[in-house]
Amino acid sequence: MSKSGVDQELIRQLAALLKETELSEIEIETDNLKLRVSRQVQQVSAHFAAAPAAPASVAAAAPAPADAASHPGAVASPMVGTAYLAAEPGAAPFIAIGTTVKEGQTVLIIEAMKTMNHIPAPRAGKVTAIFVEDGQPVEFGEPLLVIE
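Keep in mind the model is a prediction, meaning the values are calculated, not measured.

Caption draft 1: Spotlight on the sheet that holds strand E7 (residues 115–120). On the basis of which strands lie adjacent, the open sheet formed by four strands has the order E7-E6-E4-E9 and antiparallel pairing. Two strands lie at the open edges of the sheet, namely E7 and strand E9 (136–138), each paired on one side alone. Each strand of the sheet is rotated relative to its neighbour by a mean of 35°, with strand direction disregarded. Two elements, strand E6 (residues 106–112) and E7, share six bridges in a ladder whose sense is antiparallel. Its bridge partner lying in E7, leucine 108 is registered against isoleucine 119.

In structure tokens, the structure reads:
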């Protein structure tokens with residue numbers, strides 16, 4: 001324990017647990033201690049084009065992730081977890097930009113608490129943007145893709 005009375009080894013263990021579980025924060029409370037450890041999670045957006053295109057045309061075809069949540073065709077994450085674009089490593093992805101999907105068709109999987117949750121298309125249409133990469137952590141309500 002340090003001079004300040006804070007168990008630095010406990011903080012290190014919690015930080016390692018954050019990294020291992022891909023959580024963004026952990027909070028614990030005992031009779032005489034309340035401790036919250038958090039990390040900044042960097043969100044990465046991916047835009048895949050069916051055919052090679054100039055970067056400007058890809059950006060024009062897909063709304064920016066910040067604007068995606070307000071897009072009428074946006075599909076938001078129903079839970080916190082890890083998004084997977086294919087059923088297993090090395091398998092073909094469920095969708096790609098330009099794919100036409102049917103209502104109820106699996107568009108990706110979100111793993112939450114060791115459970116693989118198939119995320120169905122809420123409507124039929126064409127996938128015009130994908131905002132997550134395979135294996136990327138996602139938050140509740142985060143835009144995953146756009147179906148128009």
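Caption draft 2: Geometry of the sheet that holds strand E5 (residues 100–101). Taken in spatial order, the four strands of this open sheet run E3-E10-E8-E5, and their pairing is antiparallel. For this open sheet the edge positions go to strand E3 (74–76) and E5, each flanked by a neighbour on one side alone. Bridge count between E5 and strand E8 (residues 125–130): two bridges; the pairing is antiparallel. Bridge pairing links threonine 100 to lysine 126 in E8.

Caption draft 3: Quick look at the environment of glutamine 105. Examined against the element boundaries, glutamine 105 turns out to sit in the loop between E5 and E6. Distance in space between the C-alpha atoms of glutamine 105 and alanine 121 is 5.4 Å, their sequence separation being 16 residues. In this structure, glutamine 105 is in contact with Phe94, Thr100, Ile119, Pro120 and Ala121, ignoring residues within four places of it in sequence. Looking at glutamine 105, its side chain comes within polar contact range of the main-chain nitrogen of lysine 102, at 3.0 Å.

Caption draft 4: Broad picture of unusual backbone geometry. At methionine 113, a position not held by glycine, the phi torsion is positive, near 55°. Along the chain, methionine 113 falls in the loop between E6 and E7. Here the phi dihedral of lysine 114 falls at roughly 65°; this positive angle occurs in a residue that is not glycine. Within the secondary structure layout, lysine 114 lies in the loop between E6 and E7.

Calculation criteria
Residues numbered from 1 in each chain as written. Predicted model: local features only at pLDDT ≥ 70, side-chain atom pairs only at ≥ 80, totals over all residues. Heavy atoms only, no water. Pairing = 2+ DSSP bridges. Helix = DSSP H or I, 4+ residues; strand = E, 2+ residues; numbered from the N terminus. Axes fitted to C-alpha atoms, helices over the stretch in contact; angles between N-to-C directions. Contact = heavy atoms within 4.5 Å. Polar contact = N/O pair within 3.5 Å; in protein donor to acceptor, adjacent residues only side chain to side chain.

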